[in-house]
Amino acid sequence: MQKIIAGLFFILIVQGVCAQDQLSQNKVEKLYQLGVELVQHENYGAARQVFTDFLAQASPIDSRRSEAEYYVAFSALNLGHKDGEKLIDHFIQHNPSSPKASTAYYDLATFFYNEGNYVKAGNYYKKVNFPALTSDQQSQGHFNWGYSLFSQKKLDEALEQFNFVKRQSTAYTPASNYYAGYIEYTKGAYDEALFDLKKAETSPSYATVVPYLIANIYYRQKRYDTLLEYAAVLKNRTDITNASDVSMLVAEAYYFKGDYKKAVDAYQQYFDKNAKAETGLYFRAGYANYSAGNVARGIEYLDKAAASKDTVSYYASYYLGILHLKQGNKPLALNAFDYARKNPKDANFAQESSFHFGKVSYDAGKADQAIAEFERYLKTYPSTAHTTEVKELLAQAYINGNNFNKAIEYIEGLSSRNQYINQAYQKATYLKGAEQFNKDAYADAVVYFGKSLEQPIDPNYTALASYWRGEAYSIGRKYEEAVADYQRVVSLGASAPADVLLQTRYALGYAHYNTKAFDKALYNFKEFTNKADKNHPNYVDGLIRLADCYYVTKQYDQSLVTYTKAKSLKTSDQDYLLLQSGIVQGVQRRYAEARTSLSQLIREYPKSPYREDALYQRAQFEIEQGNYQASADGLSQLIREGDNSPYLASAYMKRGTAYGNLKQYDKAINDYVTVIQKFPADPKAKDALTPLQEALSAVGRSDEFDKYLSAVEVSNPNDSQLESIKFEAAKNQYFDQQYQKAITSLTAFTTTYPASARVSEAKFYIAESHYRLNQFDQALTVYIPLSQDVSFTSGNKVAARIAEIKFKQGKYEAAVPYYHHLERLASTKKDKYNAWSGLMESFFLLSKYDSTDIYARLILEQGNINAGAQNKASLYLGKSAMSRGDYEVAKDEFLNTLNAASDEYGAEAKYLLGLIFYNQKQYKQSYETLISLNNDFSTYELWVGKSFLLLAENYAAQNDIFQARATLQSLIDRFPLQNIKDEASKRLKEIDAAELEKQKKAEADTLDN
């Protein structure tokens, strides 16, 4: 504003002067002087006008015309007029001998320099005749020229200019020293750079920025002691720019000197002020902490270095693995070594990482993984310092039993075996047998248990293999073979595990019981109940079977005492105990007590499977006492309530007898006829003929007898031997697994012998053949009508099959009624369990969790057919609670499952427990749970795979992307199940995409800043 005002003022003066002195001879002189004064006052607009007027009025030979032209051009340039640069060039070309020509390019260059147009500035400084300038102009010009070149990254040319200035002592000398030193530093001329930078450091303007460059030069020259001494001098200064970078260089100096403890402190000072760093720095900071024994800090920095995908990440991963091992964290160590062993540029490091990967896999119980890696190691690196150890570990991995599939294959392939290997073989084959047993593959289980028993070295495994092979034989009803195995356990005496020996007594009792060797069964059940704790899950059942043995061997008093003892334990078998007590009391002619026991069962247990037995037995005892009406009434109740009762034929027969004794012949006749008509193939139909004939005769209806006799004869034709041969031949095709042929032959049989007593059984095997061929719909067309045949004695099997097929087809609502039907027909604990288990699973899949819980608890209370049944029920209580969102109850139930289960139900329970912790963001607990799953349930591949997928999610949730990627990549590379590999591949792509998006966003943020 002041310049504008001054300009206006001078213009007014000029106009005044011109007006007043138009005739004065000094007019031109005054214009020239005024123009000079205006230039000196930087009033370039007025100056240009005045000099333009001067040129218009001055004599053509006026010596000052060239200078006036210069000032016009100079003013235009400073005014930013478009013709300024052109006017300067024009002046120089037309006035080469003018003194102003010497400085014109200088002025032009300086103008563009001040404007920041370093390209033009540099070009014009190149044209300046520097010797014609003053020393100050020369110093400033060379510096400006140097800086213009520096800005264009023409460093060699810039250095020439800075070198010129720095040899002088001017205001531009410190800056020239600084820039010369910086250029020399970038070119690696460290000694020259040090010389110049130290001079620059003496200037207050550069004292704060130069120290970092000097320290960096010492670092690059590997003069670490000098760097540390220099840094010590700077220690108390607070004005240094990039002070944290100096601390980083100090850390690096200590690092390369091997003084890791001091390096750690210096690195920390740097990271306290810098959130990000390059990968190499993270690695060295991590390695320094690793070397100094700072495990947690080492992991923190090495983890960041390993997350990158450059060469450094492989080395970082190796040391990261070592540190995770120090913390006892084998899964994370495995991921780190897994990545490090893929180092493409350093074979030694790859070899070392491979060794550790295999060794940690072995220590973590991952035998398959360890074996694969050790085999690869020996093939890839046949001769290293670790070769001997790897061979030993490989052998141990094969024979340690945790990976029994490989162990068996390996040991059976050996040309010679010592006792130690045979002992491992004994263990491995036992474990394989146990696995097959748990999968219900009993025939395969028998084979492997037999292999284990070929090497009876360790009595523990001899006892276990013998016991479980005995169990497999028992399930296959091969009781004689089972007895031999159980006896082997007994013969081991104290050498066998006490719990196995005790359980063997129980199993041996059952084996003898099923072969009707009741005296031997009695002895073993007695041994079992005398030694077992009352809380033993089989104690009550053993006590009941002991009472049964007393009953069968006619030791009635002892039998009754034992039944009463069992009743006092408030067992879930109270109904059965009342039945048996009533039967024994009846046998002893203690009819009143028998009636009381049986009536109590009928009254208090309306849904008991023994209720029909009780009704029938009570009626039988009434007949024995001559109480025919009471007997008839009881049998009538049984007939009314038992549409599908196996007692129906007998009930009609007995009631007919009672009516006959009461001389109610018409009622007796009706009952006998009912037996013949409803149960024509039952032997009781023949038995009914004689009393029917007598009753008909008694009422004068003897002529009716022949038609009933004919009906029985039709159902029991004379060619029974040929019929039997044809039926057995067709049935054998089924048992030979020739299912399609069996269907054809059995169908032909039912057509040829439609009235045969074997038709229902033939239809059953037709349905079973369809089932075995996975022709479920065809099977159902036979099973469903057969399920309505009350005379078929295997109705429980039919109901079980229909329910199973409906369940497999996902028709859970349709499966439920058939499971209920099986529940009603169940005569064994196994049938009961199958019904309850099917109902439990169906209701769960129908989201009817209250019903799920009811049947799970029934199994826990009454369905103790085997440990697996209890484990499954406990698992479903947890799954039900989890589905309702009641995580605390679910966790308790899963823990209950895990306390007893070492099977697939335990594996699923542990996975779901880990999932709950993950959903609750309790990542540490989730991680620990999933890791223990991999150790405790390594044979259940599905759950192991799912646990690793969930582990990756844990890592991702905690932003540990390196471990998440490594876990998923490990599944993709080595896991045996394709569905798990596919899921891992999909998730890895999602993580990579998310990380790429984060990186793009970070780069965008950096550019914005």
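All figures in this text were calculated on a predicted structure; none of them were measured in a lab. (Residues numbered from 1 in each chain as written. Predicted model: local features only at pLDDT ≥ 70, side-chain atom pairs only at ≥ 80, totals over all residues. Heavy atoms only, no water.)

Moving on, we get to the side chain of Arg655. Note that Arg655 resides in helix H36 (residues 648-661). Setting aside residues no more than four positions away along its own chain, Arg655 makes contact with Ala632, Leu635, Ser636, Ile639 and Asp671. (Helix = DSSP H or I, 4+ residues; strand = E, 2+ residues; numbered from the N terminus. Contact = heavy atoms within 4.5 Å.)

Below, the discussion takes up helix H28 (residues 498-514). Between the first and last C-alpha of H28 there are 25 Å, a value that for 17 residues agrees with the 24 Å anticipated at 1.5 Å per step. Considering only its buried residues, H28 is in contact with helix H26 (459-475), helix H27 (479-492), helix H29 (518-531) and helix H30 (539-552). Among the residues trailing H28, Lys516 stands out with phi positive, at a value near 65°. (Expected span 1.5 Å × (residues − 1).)

With respect to the helices and strands, Asp548 occurs in helix H30. Those residues within four positions of Asp548 in sequence are excluded, and the remaining contacts are Tyr513, Tyr563, Tyr576 and Gln580. Separated by 2.8 Å, the side chains of Asp548 and Arg545 make a polar contact. At 2.9 Å, the side chain of Asp548 and the side chain of Tyr576 are in polar contact. (Polar contact = N/O pair within 3.5 Å; in protein donor to acceptor, adjacent residues only side chain to side chain.)

This part covers the pattern of salt bridges. Under the definition given, this model contains 44 salt bridges. Across the pair Lys342 and Asp338 runs a salt bridge whose closest N-O atoms are separated by 3.9 Å. Of the charged contacts, one joins Arg701 and Glu704 as a salt bridge, the two residues approaching to 2.9 Å between their closest N and O atoms. Overall, Arg701 belongs to the partly exposed group, its relative accessible area being 25%. Put simply, Asp338, Arg341, Lys342, Glu373, Arg376, Asp973 and Arg974 are held in one network by salt bridges that share partners. (Salt bridge = Lys/Arg side-chain N within 4 Å of Asp/Glu carboxyl O. Buried < 20%, exposed > 50% of the residue type's maximum accessible area, 1.4 Å probe, protein only.)

Bringing the side chain of Ser317 into the picture now. When you line up the elements, Ser317 lands in helix H18 (residues 311-326). In this structure Ser317 comes out as buried when scored by relative accessible area, which is 0%. Not counting residues up to four positions away in its chain, the partners in contact with Ser317 are Ala306, Ala336, Phe337, Tyr339, Ala340 and Phe962.

A packed helix pair is summarised by two numbers, namely the angle formed by the two axes and the spacing between the axes. Between H28 and H29, whose axes approach to 8 Å, the crossing angle comes to 155°. Our classification of the angle between H28 and H29 gives roughly antiparallel. Judged by the sense of rotation from one axis to the other, the crossing of H28 with H29 is left-handed. On H29, the residues touching Leu502, Arg505, Tyr506, Leu508, Gly509, Tyr510, His512 and Tyr513 of H28 are Phe518, Lys520, Ala521, Tyr523, Asn524, Phe525, Glu527, Phe528 and Lys531. Residue composition of the contact of H28 with H29, by class: 10 nonpolar, 3 polar and 4 charged. (Axes fitted to C-alpha atoms, helices over the stretch in contact; angles between N-to-C directions. Parallel < 35°, antiparallel > 145°, perpendicular 65-115°, else oblique. Left-handed = near helix turned anticlockwise from the far one by under 90°. Nonpolar A, V, L, I, M, F, W, Y, C, P; charged D, E, K, R; others polar.)

Let us look at H27. Taking 1.5 Å per residue, 14 residues should reach 20 Å; H27 reaches 20 Å between its end C-alpha atoms and fits that length. Tucked into the core, H27 has its buried residues touching helix H25 (442-453), H26 and H28. Just beyond H27, the residue with positive phi is Gly493, at close to 60°.

We now examine the UniProt feature "repeat: TPR" (unreviewed entry) in the protein. Under the feature "repeat: TPR" (unreviewed entry), the UniProt entry names residues 351-384 and 649-682. Structurally, residues 649-682 is divided into 79% helix and 0% strand, and its ends, taken at the C-alpha atoms, are 8 Å apart. (UniProt positions renumbered as here; feature names shortened; annotations may be inferred.)

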